[in-house]
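Fold and geometry: a report
Below, each chain spelled out in residue letters.
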Amino acid sequence: MNRRPWLVGITGASGTPYAASVLRGLIDAGEPVDVMVSQAARLTLLDETGHSVRDRHWREDLSGWLERDVADVRYWPVGDLAAGPSSGSYRTRGMIIVPATTATVAAVATGVTHNLVQRAADVTLKEGRKLVVVLRETPLRVSTLDNLRTLAAEGAVIMPASPAFYAGARDVAALVDFMAGRVLDQCDVDHDLYLRWTGTLGAARSGVEWGVRVE
Ligand SMILES: Cc1cc2nc3c(=O)[nH]c(=O)nc-3n(C[C@H](O)[C@H](O)[C@H](O)COP(=O)(O)O)c2cc1C
């Protein structure tokens, strides 16, 4: 069976751990994934995690960063505008941009695209497929708000990287996983990245370890 992949575009906003958590969640759920990494994202990735993603060594680089088997991952160099995701005839389930920069948001909103992440997102929208945009920036210019509004009006799901604190997170990794879990919820991908709200105030803090209910 030829399963359609999720496209994941990583751009040069702070927050590359969100990308790692989303990718691990997709891989752990058995979802095929196509990965694209912008040039600026290579800088943020190196700065925030110490990891590199090189076009020629992407397999070992991604598996080292994600600590996962990347057999079901396909990688496209961001400068390869002839890559599969640059065409609407390349079938995908949709695309997640995580983290998303204001620059990439502007490019996709205006349709003036300069790299494969931007083009693939443009294609995702024109084909009416799911586009999830995990923006990381603060504060926001009016132009960015306008661009986000444009994307939302075209059906994109705008998810500012703003994790919630109600799920009892005890460390930053848990907050990152919460955000990634909310992204995967939008994609209808099963995961156990965070503890869901049960309707009981304080439940996550009393007698519940992160992701594991303590009897
Ligand atoms: C260390 C570092 C952190 C950055 N953080 C952000 C950020 O949080 N949000 C953002 O929109 N841009 C951020 N930028 C700026 C973008 O990387 C820059 O606008 C770049 O041109 C975006 O290109 P891309 O969208 O193709 O990745 C950051 C840049 C660096 C070097």
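Criteria and cut-off values
Starting from 1, residues in each chain are numbered consecutively following that chain's sequence as written. The predicted nature of this model means local features are confined to residues of pLDDT at least 70 and side-chain atom pairs, given and counted, to a pLDDT of 80 or more, with totals for whole chains, interfaces and linings taken over all residues. The basis for every side-chain value is the complete set of non-hydrogen atoms in the structure, without hydrogens or water. Helix numbering and strand numbering both begin at the N terminus, where a helix is a DSSP run of H or I of at least 4 residues and a strand a DSSP run of E of at least 2. For every residue, the accessible area obtained with a 1.4 Å probe (protein chains only) is divided by the maximum for its type, and the residue is called buried under 20%, exposed over 50%, and partly exposed between those limits. The contact definition used throughout considers only heavy atoms, calling two residues in contact when any of these lie within 4.5 Å. Any residue with a non-hydrogen atom lying within 4 Å of a molecule or strand is treated as near it. In protein, a polar contact requires one atom able to donate a hydrogen and another able to accept it; more generally it is a pair of N or O atoms within 3.5 Å, and residues adjacent in sequence count only if both atoms are side-chain atoms. Only the protein chains shown count as cover for residues, with accessible areas throughout obtained via the Shrake-Rupley method and a probe of 1.4 Å. Only Asp, Glu, Lys and Arg are considered charged, only Ala, Val, Leu, Ile, Met, Phe, Trp, Tyr, Cys and Pro nonpolar, and every remaining residue, Gly among them, polar. UniProt positions are given in the numbering used here, feature names are shortened, and annotations may be inferred rather than shown by experiment. Axis definition: a line fitted to C-alpha atoms, limited for helices to the stretch in contact. Angles are taken between N-to-C directions and run from 0 to 180 degrees. In these notes the angle categories are as follows: under 35 degrees is roughly parallel, over 145 is roughly antiparallel, 65 to 115 is roughly perpendicular, and the rest is oblique. Put simply, a crossing is left-handed when the front helix is turned counterclockwise from the back one by less than a right angle, and right-handed when it is turned clockwise.

**Focus on the overall build of the protein chain**
Check the secondary structure of the protein chain and you find seven helices and eight strands. Dimensions of the protein chain, computed from C-alpha atoms along their principal axes, come out at roughly 55 × 40 × 35 Å. The buried share of the protein chain, taken over its 215 residues, is 50%. Considering only contacts in the protein chain between residues 6 or more positions apart, those separated by 24 or more positions represent 71%.

**Some words on the site of the ligand**
Around the ligand sit 14 residues, and of these Gly-12, Ser-38, Thr-101, Thr-104 and Arg-136 come closest. Measuring from an oxygen atom of the ligand, one finds a side-chain N or O atom of Thr-101 at 2.5 Å. Between the ligand and Glu-137, the relevant distance is 3.4 Å, taken from a nitrogen atom to a side-chain nitrogen or oxygen of the residue. Burial of the ligand by the protein chains amounts to 65% of its free accessible area of 640 Å². Within the residue set of the shell around the ligand, elements represented by two or more residues are α2 (39-49) and α4 (102-110). Considering each element in turn, the shell around the ligand owes the most residues, three residues, to α4. Among the residues making up the shell around the ligand, the classes are represented as three nonpolar, nine polar and two charged.

**A look at the UniProt feature "domain: Flavoprotein" (unreviewed entry) in the protein chain**
UniProt records the feature "domain: Flavoprotein" (unreviewed entry) for residues 6-186 in the present numbering. Between the end C-alpha atoms of residues 6-186 the distance is 12 Å, and the span holds 44% helix and 15% strand.

**Topic: the packing of α4 against helix α6 (residues 142-153)**
Packed helices, taken two at a time, are described by their axes: the angle between them and the distance between them. Two elements in contact, α4 and α6, have axes separated by 9 Å at closest approach and are oriented at 50°. On the basis of the axis angle, α4 is oblique to α6. Remark: the crossing between α4 and α6 carries left-handed chirality. Of α6, the residues touching α4 (which contributes Thr-102, Val-105, Ala-106, Val-108 and Ala-109) are Thr-144, Asn-147, Leu-148, Thr-150 and Leu-151.

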